[in-house]
Amino acid sequence: MILGIDASNLRRGGGVTHLVELLRAAVLPLHGFTKIVVWSGRSTLARVEERSWLVKRHVPELDRGLPYRAFWQRFRLSAYARAAGCDALLVPGGAYGGDFRPIVTMSRNLLPFEWRELRRYGASSTALRLLLLRFVQARTFKRADGVVFLTRYAREVVTGVTGELAGRIAMIPHGIDARFLMPPRRQRPIETCSVEKPFRLVYVSIIDVYKHQWHVAEAVGSLRREGLPLELLLVGPAYAPALQRLRTTLARVDPKGEFVRYLGAVEHTELHAQYASADLCVFASSCENMPNILVEGMASGLPIACARRGPMPEVLGAAGLYFDPEDVDDIARTLRTMIGSAILREQLAQASFSQVKTFSWRRCADETFGFLAAVAGRDDACQHPESAANTASTSSSA
């Protein structure tokens, strides 16, 4: 079989990482595929490793803006997929308007489907864009032959909007890059920390309205006033209105820049170093499809203080402590409990590190290509027993 992949809207971030790792881990003969054709822009294709069975098709329109990419996908992609002899088309971007069949798409962004989170953007172009995505993606999911969800929570939220889907459904979480895997270190008692060698908390994520970095900064500020020698490191790009809110908060709680540092965006290939330098990972997001950053923190051997929202309890389970990300006092209470007990932190770090081993790119690739083969009508495609069992467990009809 031949698989086509529409990577027209994968330009940066988790979508590109997923494509790169999925193809790197793929073992095509296990599922009956002999060739994969990927259509995308130049920068995305440059990150995809060469394979004997992989054909990378550069489309100049896909290096341009959204209107050009949408036009190409709607009016050109189907013809290209048929000309390439594709037996199925994977559309990981979640939006598709062509007429090629069968297609498998993915749910990657929950912001369009959660009103509480969407309303945080007020009357803005971002809110309008999310509303448009809600319509386009819901329509795509309802028309698709197969939909991949990353968590049970995401499936429940999306189908709460769309109703039950007609196509097959799979739940296949992403994997974790091996460079993030660091066995838990011995936790430092807070009594051994000082202003010169502070206890370091790291929060890696885009500065955005649903990430609540300002609440975390306030909580850390209150703990500093209690005498705890803490430092908060914030890492990630920024949505301008949210960054302004963060700066306003920092001007009040840390006007001299003594204990909160904002590094800005850091290349994903360098992120593991930020986790390695920390004592505790904070994740205060209130909206996620699959919290990849949380998984990275778990893999990095850190104890986790986490928002009690979305799929986070599903992913972290009992291997962390939780807080309300919009309640500064609750965040401070959770951090105080963890920081005050090195034994508790060691136990939580060990538990989350053991749990994260189930998130592998090889497993993700096996289950994804098994699901694609099933949607293409090849349930009998060759699989090793483990892959066949995983695919059967995730690809039952809705």
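What you are looking at is a predicted structure, and each value in this text was computed from that prediction instead of being measured. (Residues numbered from 1 in each chain as written. Predicted model: local features only at pLDDT ≥ 70, side-chain atom pairs only at ≥ 80, totals over all residues. Heavy atoms only, no water.)

Trainee: Now, about the pairing of strand S11 (residues 280–283): what can you tell me, with residues and values included?
Mentor: Residues in a regular strand project their side chains so that they alternate between the two faces of the sheet. Judged by which residues are buried, S11 turns out to be covered on both faces: Leu280 and Val282 on one side and Cys281 and Phe283 on the other are all buried. The pairing of strand S8 (residues 199–204) with S11 spans two bridges and is parallel. The partner of Val202 across the bridge, within S11, is Cys281. Direction of pairing for S11 relative to strand S12 (residues 304–307): parallel, over a ladder of three bridges. Bridge pairing in S12 links Phe283 to Cys306. Following the chain from S11 across helix H11 (residues 292–299) to the adjacent parallel S12, one finds a crossover that is right-handed. (Buried < 20%, exposed > 50% of the residue type's maximum accessible area, 1.4 Å probe, protein only. Helix = DSSP H or I, 4+ residues; strand = E, 2+ residues; numbered from the N terminus. Pairing = 2+ DSSP bridges. Right-handed = clockwise from strand over helix to strand, strands pointing away.)

Trainee: Quick rundown of the packing of helix H13 (residues 328–339) against helix H14 (residues 342–356)? Include the residues and the values.
Mentor: Relative orientation of the contacting elements H13 and H14 amounts to 100°, with a least axis distance of 6 Å. By the angle between their directions, the pair H13 and H14 is classed as roughly perpendicular. When H13 is examined against H14, the residues Thr337, Met338 and Ile339 are found in contact with a partner set consisting of Leu344, Arg345 and Leu348. Class assignment for the residues of the contact of H13 with H14 results in four nonpolar, one polar and one charged. (Axes fitted to C-alpha atoms, helices over the stretch in contact; angles between N-to-C directions. Parallel < 35°, antiparallel > 145°, perpendicular 65-115°, else oblique. Contact = heavy atoms within 4.5 Å. Nonpolar A, V, L, I, M, F, W, Y, C, P; charged D, E, K, R; others polar.)

Trainee: Break down the side chain of Thr105 for me, citing the residues and quoting the values.
Mentor: Tracing the backbone through its elements, the reader meets Thr105 in strand S5 (residues 103–106). Accessibility expressed as a relative area gives 0% for Thr105, which makes it buried. One polar contact links the side chain of Thr105 to the main-chain amide nitrogen of Gly94, over a distance of 3.4 Å. In contact with Thr105, not counting residues within four places along its chain, are Val91, Gly94, Ala95, Thr140, Phe141, Ala144, Gly146, Val147 and Val148. (Polar contact = N/O pair within 3.5 Å; in protein donor to acceptor, adjacent residues only side chain to side chain.)

Trainee: Explain the packing of aromatic side chains residue by residue, including any values.
Mentor: Applying the stated criterion across every chain yields a total of eight aromatic pairs. Taken together, a centroid distance of 6.0 Å and an interplanar angle of 35° make the contact between Trp72 and Tyr80 tilted. Considering the side-chain rings of Tyr121 and Tyr239, the 5.4 Å spacing of their centres and the 70° angle between planes classify their relative orientation as edge-to-face. Pair noted here: Tyr121 is in the loop between helix H5 (115–118) and helix H6 (125–143) and Tyr239 is in the loop between strand S9 (230–235) and helix H9 (240–253), with a separation of 118 residues, a long-range link. (Phe/Tyr/Trp six-rings, centres within 6.5 Å; stacked < 30°, edge-to-face > 60°.)

Trainee: For the packing of H11 against H14, give the residues involved together with the corresponding values.
Mentor: For the pair H11 and H14, interaxial distance at closest approach is 8 Å and the crossing angle is 115°. Regarding H11 and H14, the two cross each other, and that crossing is left-handed. Note on element contacts: H14 touches H11 through Ser352, Phe353, Gln355 and Val356, opposite Val295, Met298 and Ala299. Here the contact of H11 with H14 is built from residues that sort into five nonpolar, two polar and no charged. (Left-handed = near helix turned anticlockwise from the far one by under 90°.)

What is shown is where atoms sit, not what they do.
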